Amino acid sequence: MPDGTDLSLYSMTIRLLLSLVMGALIGVDRETAGHPAGVRTFSLVCLGACITMVTGEYLHIVYPTSDPARIAAQVVSGIGFLGVGTIVVTGKKLVRGLSTAASLWTAAALGIMIGAGMLMESLIAFLLILFVILVLTPLSHTLDQTNRRMELYLEVDKGDNIPALFDYIKSRNFMVTDLQKMKSQSLIKSDIAIVFTIDMKKRRRHEPVLEEISELPYVRYIEEIK
């Protein structure tokens, strides 16, 4: 592996190839999960960040008074605009795309590190990113599915069914900690859409609770908000 301070064509090529490959491998996870930013987006972000850093170093050689990190610094802040575009808040208060936005920002930072010639350090950073994706992400999902609190979006038949729903929740020894009526249109016009949070007092699997509530005759639709 070339010296990180080497600015030869060989060294630049290795840096660019590393950023392309590492960015693409990070994007595989997002692509597999069906997110809009996938292999191409992540590889281009990481490669682009590397290009800016390499260009900054080259300009510093040509113009010694220039700051080699000035261009790359704009990437750190500018990539936020691309990341924001992947975050979506649906009408049911579902927030999607946070992990993708964070991954894009991290891929850009990785590209800058590679472009700066910190090759061994970038490999360590890449392995840590894979650890987050392959180990911490499934762990996070498991913790989410056993959290004592659940935030639910429900569409319920109007009438006296809302009190009946809360009587059922109370009978399970659960507690409603937050309630909000949604203005969005429900699937059936005569239904009412609500979002509320329940505290189950202890950790338990969410899926059985969701199935029980969905089987209530007046519950038309239910979805957990994550």
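Remember, it's a predicted structure, so these values are computed and weren't measured experimentally.

Here we take up the overall build of the chain. The helix and strand inventory of the chain stands at 7 helices and 6 strands. N-terminal to C-terminal, the α/β element order of the chain is α-α-α-β-β-α-α-β-α-β-β-α-β. The proportion of buried residues among the 226 residues of the chain is 37%. Summed over its atoms, the accessible surface of the chain is roughly 12,900 Å², and 63% of this surface lies on carbon and sulfur atoms.

This brings us to the sheet that holds strand β3 (residues 149–157). Pairing within the open sheet is antiparallel, and its 4 strands lie in the order β4-β5-β3-β6. If you trace the sheet from one side to the other, it starts and ends with β4 (175–181) and β6 (219–224), each paired once. Strand-to-strand, the axes of this sheet are offset by a mean angle of 25°, without reference to chain direction. Of the pairings in the sheet, the one linking β4 to strand β5 (residues 191–199) comprises 6 bridges and is antiparallel in character. Along β5, the bridge assignment pairs K181 with I194.

Pairing analysis gives 9 bridges linking β3 to β5, with the strands arranged antiparallel. Bridged to L152 within β5 is F196.

Before going further, it helps to examine the pattern of salt bridges. Throughout the structure, instances matching the rule amount to 6 salt bridges. With a shortest N-O distance of 2.8 Å, D199 and R148 are connected by a salt bridge. One end of the pair, D199, is in strand β5; the other, R148, is in the loop between α5 (119–144) and β3, with 51 residues separating them in the sequence. A relative accessible area of 35% places R148 in the partly exposed class.

Summarising burial for β5: 9 of the 9 residues are buried, a large majority. Residues of β5 alternate between two faces, with D191, A193, V195, T197 and D199 on one and I192, I194, F196 and I198 on the opposite face, all of them buried.

Glancing now at the confidence of the model for the chain. Interpreting fine coordinate detail is not advised for predicted regions of low pLDDT. A residue-level look at the chain finds 83% of positions with pLDDT of 70 or above and a mean pLDDT of 80. Mean pLDDT across the secondary structure elements of the chain bottoms out at strand β1 (residues 88–89), with 56, and peaks at helix α7 (residues 206–214), with 89.

Looking now at the packing of helix α1 (residues 9–32) against α5. Where α1 contacts α5, the axes come no closer than 10 Å and their chain directions differ by 5°. Taken as axis vectors, α1 and α5 run roughly parallel relative to one another. Across the interface between the two elements, I14, R15, L18, M22, L25, I26 and D29 of α1 pack against L119, S122, L123, F126, I129 and I133 of α5. Class assignment of the residues belonging to the contact of α1 with α5 gives a composition of 10 nonpolar, 1 polar and 2 charged.

For M182, the location among the structural elements is in the loop between β4 and β5. On a C-alpha basis, the gap between M182 and L154 in space is 9.6 Å, while along the polypeptide they are 28 residues apart.

The next point concerns the packing of aromatic side chains. A full pass over the atoms with the stated rule returns 2 aromatic pairs. For the ring pair Y153 and Y221, a centre distance of 6.1 Å and an interplane angle of 70° mean the geometry is edge-to-face. Separated by 68 residues along the polypeptide, Y153 in strand β3 and Y221 in strand β6 bring together distant segments of the chain. Arranged with centres 5.6 Å apart and planes meeting at 55°, the rings of F166 and F196 form a pair that is tilted. With F166 in helix α6 (residues 161–171) and F196 in strand β5, this residue pair connects regions lying 30 residues apart in the sequence.

What α7 keeps buried is the set H206, V209, L210 and I213. End-on view of α7: buried residues confined to an arc of 100°, all on one side of the axis. Looking at the packing, one finds that the buried side of α7 touches α5, β3, α6 and β6.

Turning next to the environment of R204. As for its position among the elements, R204 is in the loop between β5 and α7. Given the relative accessible area of 24%, R204 is considered partly exposed. As for R204 and R149, which are separated by 55 residues in sequence, their C-alpha atoms are 9.3 Å apart. Leaving out residues up to four positions away in the same chain, R204 has contacts with Q145, T146, N147, R172, F174 and V209.

Procedures and definitions
Residues numbered from 1 in each chain as written. Predicted model: local features only at pLDDT ≥ 70, side-chain atom pairs only at ≥ 80, totals over all residues. Heavy atoms only, no water. Helix = DSSP H or I, 4+ residues; strand = E, 2+ residues; numbered from the N terminus. Buried < 20%, exposed > 50% of the residue type's maximum accessible area, 1.4 Å probe, protein only. Areas by Shrake-Rupley, 256 points an atom, 1.4 Å probe, with all protein chains shown as cover. Pairing = 2+ DSSP bridges. Axes fitted to C-alpha atoms, helices over the stretch in contact; angles between N-to-C directions. Salt bridge = Lys/Arg side-chain N within 4 Å of Asp/Glu carboxyl O. pLDDT = per-residue confidence, 0-100. Parallel < 35°, antiparallel > 145°, perpendicular 65-115°, else oblique. Contact = heavy atoms within 4.5 Å. Nonpolar A, V, L, I, M, F, W, Y, C, P; charged D, E, K, R; others polar. Phe/Tyr/Trp six-rings, centres within 6.5 Å; stacked < 30°, edge-to-face > 60°. Arc of directions from axis to C-beta.

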